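What follows is the residue order along each chain.
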Amino acid sequence: MADLRREPAPIELAPGEFRQLGHVLVDEIADFLDSLPRRPVTTGESPAEIRAFLGNAPLPEHGAPPDELLREAASLLFEHSLFSGHPRFWGYIVGAPAPIGALADLLAASVNPNVGGFQLSPIATEIEAQTVRWIAELVGFPTDCGGLLVTGGNMANFIGFVAARTARAGHPIREQGAGHAPLRVYASAETHTWIEKATDLFGLGTESLRWIPTDREQRIDIRALQERIRADRAAGDIPLLVVGAAGTVSTGAIDPLDALADLCRDEDIWFHVDGAYGAFAAALPDAPAELRALARADSLALDPHKWLYQPVEAGCALVRDPEKLRGAFSYRPVYYHLARAPEEDEDAPINYFELGPQNSRGFRALKVWLALRQVGRAGYVRMISEDCALARELYRLVEAEPDLEAGTTSLSITTFRYVPAGTTDDEYLNELNAELLTRLEAGGEAYLSNAIVDGRFYLRACIVNFRTTAEDIRALPGIVVRIGREAHRDLAPARR
Ligand SMILES: *Cc1c(COP(=O)(O)O)cnc(C)c1O
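Residues numbered from 1 in each chain as written. Predicted model: local features only at pLDDT ≥ 70, side-chain atom pairs only at ≥ 80, totals over all residues. Heavy atoms only, no water.

Focus: the overall build of the protein chain
If you tally the helices and strands in the protein chain, you get 16 helices and eleven strands. A globule of 496 residues ought to have a C-alpha radius of gyration of about 23 Å, and the protein chain, at 25 Å, matches this closely. Principal-axis analysis of the C-alpha atoms gives the protein chain an extent of 80 × 70 × 45 Å. Here the protein chain holds 496 residues, and the buried ones make up 49% of them. Put simply, 72% of the contacts in the protein chain that link residues at least 6 apart link residues at least 24 apart. Carbon and sulfur atoms make up 53% of the accessible area of the protein chain, which amounts to about 24100 Å² in all. Separation of charge centres in the protein chain, based on 49 positive and 70 negative side chains, amounts to 2 Å. (Helix = DSSP H or I, 4+ residues; strand = E, 2+ residues; numbered from the N terminus. Rg over C-alpha atoms; globule rule 2.2 N^0.38 Å. Buried < 20%, exposed > 50% of the residue type's maximum accessible area, 1.4 Å probe, protein only. Contact = heavy atoms within 4.5 Å. Areas by Shrake-Rupley, 256 points an atom, 1.4 Å probe, with all protein chains shown as cover. Lys, Arg positive; Asp, Glu negative; His and termini not counted. Charge placed at Lys NZ, Arg CZ, Asp CG, Glu CD.)

Right, here's the structure in full:
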């Protein structure tokens, strides 16, 4: 017994060893980041090909030297990944990751504050609180709001949803559950799929969801919304929550947030804004007025791992009334030594486990905090407005290209499709553009995803990427037209 742990544990790294491994790894990462523009965006390898690189060895019984393991892991990741930090990655909505975020995650993991409770994370807790205030300030939301960092946009939206559910259900829903309470939730047909998961997970059921149609600009139809709320009330239902989009996931459309806020005020309904993609654009001096009205929301979801360019995972939920956030999540179990309750003491510590669903929590705030300080408001305003300008430039280029048809452009999303001369059959064009996208994505020259607008399959570029240059954007139409011609040549004969 006396000799136990006289030798270091097998997982320990001696200080010199850690230093050595770390230096080598950081050098490799620096070379990798430098090489990004010369690499394909992705290799397009199949799951089977990827699996083969790992083999199917059983769990190792004994350990291996960490230098070899790190070298091998770095090489696997560098050679077989999709790089959201590549200057020509414009798929979905995934931010290019800021290098300082990578270093911040290393630092956070090394100290490992558990930001569930103040006692476990004194300085980290206050850094998170300051980060939340700064995020609110950046987008014009009241800085005395409640809020916390979460894994991403889905989770941030869930927080707003649960706060609304507790505050507005009209019965003690935390104790009694949703049961058969006829709670209703309103969102436009363009709303991200988080809303389905939320109604399902939090006990309302997806049938509580009222999908409201959109206008020609993919914005929620306010008249249709009003009528639906009226009809539901007449039937004895309880309108709980209206979701407004500060940038829809498909085309970046911005709902008429000011009008939605008025309606929610008049109808006494919780107003939640999904700003996972677009909220940070409210920081721009020339931001659309509609976007600025996100400041009127009861709750707001944002995604630092999108337009604050943080590595995944980093989402952020803000709730106007901090007590509504605590009221939705707080329990104070006896096995936590919590000296003071916030209602008893203004200077009571923040315990984040009381403000969200997680118990143990990582220090996600550090990377966001450091990036906000590295570039300041001005740095973000510049990068976000350049992303938007690049998307508009793409729209202009596409309009000028005879074989391409421009679709939409809003915030930093531009949609378009390949239309070979003389082709008008939408069904064929959908098939052709889907095939084009498959080939483009596998080829690695540039990476787009798609949007379906009015039944049409569009290619979609979403620029949340501080590395993209005007030259990258100018290269895209030519790449798309070339791959489009090849796909058309292969597909067209089968139609005849
Ligand atoms: C990305 C996105 C989400 C989901 O966010 P995750 O970070 O992927 O969980 C929700 N809503 C909108 C509008 C989004 O753009």
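Quick notes on the pairing of strand 5 (residues 270-275)
In terms of burial, strand 5 is a largely internal element, six of the six residues being buried. Burial of strand 5 is two-sided: the residues Trp270, His272 and Asp274 facing one way and the residues Phe271, Val273 and Gly275 facing the other way are all buried. Inspection of the sheet shows strand 4 (residues 238-245) paired to strand 5 by five bridges, in the parallel sense. Bridge pairing in strand 5 places valine 243 opposite histidine 272. For the crossover from strand 4 across helix 10 (residues 257-267) to strand 5, the handedness is right-handed. Alignment of strand 5 against strand 6 (residues 299-302), held across four bridges, turns out to be parallel. What sits directly across from aspartate 274, in strand 6, is alanine 301. (Pairing = 2+ DSSP bridges. Right-handed = clockwise from strand over helix to strand, strands pointing away.)

Structural notes on the site of the ligand
Around the ligand, 14 residues are found, and the nearest of them are Gly153, Asp274, Asp303, His305 and Lys306. The side chain of aspartate 303 places a nitrogen or oxygen atom 2.6 Å from an oxygen atom of the ligand. Relative to its unbound accessible area of 370 Å², the ligand is 83% covered by the protein chains. Elements supplying a minimum of two residues to the shell around the ligand: helix 6 (153-168) and helix 12 (304-307). For the shell around the ligand, the leading source of residues is helix 6, giving three residues. By residue class, the composition of the shell around the ligand is four nonpolar, seven polar and three charged. (Near = heavy atom within 4 Å. Polar contact = N/O pair within 3.5 Å; in protein donor to acceptor, adjacent residues only side chain to side chain. Nonpolar A, V, L, I, M, F, W, Y, C, P; charged D, E, K, R; others polar.)

What about the nonpolar core?
Leu294 and Trp307 are the most contacted members of the largest nonpolar core, which has 101 residues in total. Beyond its immediate sequence surroundings of up to four residues, tryptophan 307 is in contact with Tyr277, Gly278, Phe280, Ala281, Tyr380, Ile384, Asp387, Cys388, Leu411, Ser412, Ile463 and Val464. Residues Leu397, Leu437, Ala446 and Ile473 belong to the second largest nonpolar core, which totals 33 residues. (Core = buried A, V, L, I, M, F, W, Y, C linked by side-chain atoms within 4.5 Å.)

Quick word on the packing of aromatic side chains
Under the counting rule described, the total for this entry stands at ten aromatic pairs. Ring plane angle 5° and centroid distance 4.4 Å describe the contact between phenylalanine 32 and phenylalanine 78, whose orientation is recorded as stacked. Here phenylalanine 32 is found in helix 1 (residues 15-35), whereas its partner phenylalanine 78 is found in helix 3 (residues 66-79), with 46 residues between them in sequence. Of the residues examined, phenylalanine 32 reaches a relative accessible area of 13% and is grouped as buried. Joined through ring pairs, the aromatic side chains of Phe32, Phe78 and Phe83 make up one cluster. Across from the ring centre of phenylalanine 141, 5.4 Å away, lies the NZ or CZ of arginine 320, which sits over that ring. Its end group placed over the ring of tryptophan 369, arginine 373 keeps NZ or CZ at 4.5 Å from the ring centre. (Phe/Tyr/Trp six-rings, centres within 6.5 Å; stacked < 30°, edge-to-face > 60°. Lys NZ or Arg CZ within 6 Å of the ring centre and 35° of its normal.)

With respect to the packing of helix 6 against helix 13 (residues 322-329)
Remark: helix 6 packs on helix 13, axes separated minimally by 8 Å, with the N-to-C direction vectors making an angle of 85°. Judged on the interaxial angle alone, helix 13 and helix 6 are roughly perpendicular. In this structure, helix 6 contributes Ile159, Val162, Ala163, Thr166 and Ala167 to the contact, and helix 13 contributes Lys324, Leu325, Gly327, Ala328 and Phe329. Of the residues that constitute the contact of helix 6 with helix 13, the class distribution is seven nonpolar, two polar and one charged. (Axes fitted to C-alpha atoms, helices over the stretch in contact; angles between N-to-C directions. Parallel < 35°, antiparallel > 145°, perpendicular 65-115°, else oblique.)

Regarding a nonpolar patch on the surface
The grouping of Phe18, Leu103 and Leu106 at the surface amounts to a nonpolar patch, some 310 Å² of accessible area in total. Structurally, leucine 106 is set in helix 4 (residues 99-111). (Patch = residues over 30% accessible without salt bridge, like charges linked within 9 Å, V, L, I, M, F, W, Y side chains within 5 Å. Salt bridge = Lys/Arg side-chain N within 4 Å of Asp/Glu carboxyl O.)

A closer look at the sheet that holds strand 7 (residues 315-319)
The strand order 1-7-6-5-4-2-3 describes an open sheet built from seven strands, whose pairing is mixed. Only two strands of the sheet have a single neighbouring strand rather than two, namely strand 1 (146-150) and strand 3 (209-212). With strand direction ignored, the average angle separating the axes of adjacent strands in the sheet is 20°.

Thoughts on the sheet that holds strand 9 (residues 413-418)
Read from one edge to the other, the open sheet built from four strands follows the order 8-9-11-10, with strand pairing classed as antiparallel. Two strands in the sheet have a free side with no partner beyond their single neighbour: strand 8 (404-410) and strand 10 (449-453). The average undirected angle you get between the axes of adjacent strands in this sheet is 35°. Note: strand 10 against strand 11 (residues 456-462), five bridges, orientation antiparallel. Bridging from a neighbouring strand, isoleucine 452 pairs with phenylalanine 457 of strand 11. The sheet strands contacting helix 15 (residues 426-443) are strand 9, strand 10 and strand 11, and the helix crosses strand 11 at an angle near 35°.

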